[in-house]
Amino acid sequence: MPNATPLRPRLQYPRRRRQEIAALKRERSAWLEALAAEAPFQALFDQLPGVCFFAKDRTGRTMFASQGILQRYQMRHEQEMLGLTDHDINPGPMADHYVQDDERLLSGTVKRIERLELWFDGQGLPDWFIVTKLAIPGKRGRPQGVMGVLRRAEEHERELPSFQTVSRAVERMRRDYAQSLLIADIAQACGQSVRQLQRHFQKAFGVTPQEFLIKTRVIAATQMLEGTNLTAAEIAGRCGFADASSFSQQFKQQTGVTPLAYRDPGRGRSSSRDGR
């Protein structure tokens, strides 16, 4: 359109008096009060590829979750996620790390948290994401919860020191978790001592290399339990566990239930036949 006038931002804005600003804030408050109690602001994030949104109350229960979050936990509807805590949906050490961040925000120790950390991708495997979290202010000033967004880390962000120190080890475990892996061998291949690798993992993600490897194996096992008819012993072998007994023990430690109970909840949380 050759005759179109380009839009330019105004370089000067009319100054407002304090009374005008106070009146506008009151109007904004009235507008918020008129909104539906469950105004679906999180639906906006469903229109932003690669960006996910969540909000939790002061006790850590999920109140809102965009579709991207639901997909990462293999859920179809928001009501499946409603009320769940980090410990309900994540392995213990990883959930502990998230809860500690929330407590820092709710206590006012920090105003904002942004970090590169492990999350779950669409296939249920840990991957690198940038997570940004803020406290949700209440009407009387006391934070009423935590909200956050996450997105997959871009290549240039993966150059951050916290990523570089463990990236080779993480990629090796993600790729070869079904094989017999020794943390000492992984550390050596990365040019680090076992102690150095453990320190870097703890600093960046709050878990040890061994915990990350176990989590990766357990997540892979849950997919096999859901999508195949393989026995616990067969799954143990395909996911890198020493035997069915070790698999059952590690699986229950991470998920709270045995492999058999996970596959068939109606049969109870444990069974003497599990792993056979």
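Being a predicted model, the structure only gives us computed values, none of them experimental.

S.K.: Sorry, what's going on with a nonpolar patch on the surface here?
M.R.: The grouping of Trp31, Leu32 and Phe41 at the surface amounts to a nonpolar patch, some 360 Å² of accessible area in total. Note that phenylalanine 41 resides in the loop between α1 (18–34) and β1 (51–57).

S.K.: Sorry, what's going on with the nonpolar core here?
M.R.: Where a protein is soluble and globular, its nonpolar side chains tend to be buried together. Met173, Ile186, Leu197, Phe201, Ile235 and Phe247 are the most contacted members of the largest nonpolar core, which has 32 residues in total. Those elements that provide at least two residues to this core are α7 (167–176), α8 (183–189), α9 (194–205), α10 (209–227), α11 (232–238) and α12 (244–255). Ignoring any residue separated from it by four or fewer positions in sequence, one finds phenylalanine 247 in contact with Ala221, Ala232, Ile235, Ala236, Phe241 and Pro259. Judged by nonpolar contacts, the second largest core, of 12 residues, contains Cys52, Leu70, Ile89 and Phe129.

S.K.: What exactly am I supposed to notice about the environment of proline 49 here?
M.R.: Note that proline 49 resides in the loop between α1 and β1. Along the primary structure proline 49 and glycine 68 are separated by 19 residues, whereas in three dimensions their C-alpha atoms are 8.7 Å apart.

S.K.: What's the story with the environment of methionine 63 in this structure? I'm lost.
M.R.: Inspection of the secondary structure puts methionine 63 in strand β2 (residues 62–65). Counting along the chain gives 16 residues from methionine 63 to glutamine 79, while the straight-line C-alpha distance between them is 9.4 Å. For methionine 63, the contacting residues outside a window of four places in its chain are Ala55, Lys56, Asp57, Glu78 and Leu82.

S.K.: Help me understand the packing of aromatic side chains in this model?
M.R.: The way to describe two aromatic rings as a pair is by their centre distance and the angle between their planes. Scanning the entire structure with this criterion turns up five aromatic pairs. With a centroid separation of 6.1 Å and 55° between ring planes, the pair formed by phenylalanine 201 and phenylalanine 212 is classed as tilted. Residue phenylalanine 201 is found in helix α9, and its partner phenylalanine 212 is found in helix α10; the two are separated by 11 residues along the sequence. Of the two residues examined, phenylalanine 201 and phenylalanine 212, each falls in the buried class. Each residue in the set Phe241, Phe247, Phe251 and Tyr262 is aromatic and connected to the rest through ring pairs, giving one cluster.

Conventions adopted
- Residues numbered from 1 in each chain as written.
- Predicted model: local features only at pLDDT ≥ 70, side-chain atom pairs only at ≥ 80, totals over all residues.
- Heavy atoms only, no water.
- Patch = residues over 30% accessible without salt bridge, like charges linked within 9 Å, V, L, I, M, F, W, Y side chains within 5 Å.
- Areas by Shrake-Rupley, 256 points an atom, 1.4 Å probe, with all protein chains shown as cover.
- Salt bridge = Lys/Arg side-chain N within 4 Å of Asp/Glu carboxyl O.
- Helix = DSSP H or I, 4+ residues; strand = E, 2+ residues; numbered from the N terminus.
- Core = buried A, V, L, I, M, F, W, Y, C linked by side-chain atoms within 4.5 Å.
- Buried < 20%, exposed > 50% of the residue type's maximum accessible area, 1.4 Å probe, protein only.
- Contact = heavy atoms within 4.5 Å.
- Phe/Tyr/Trp six-rings, centres within 6.5 Å; stacked < 30°, edge-to-face > 60°.

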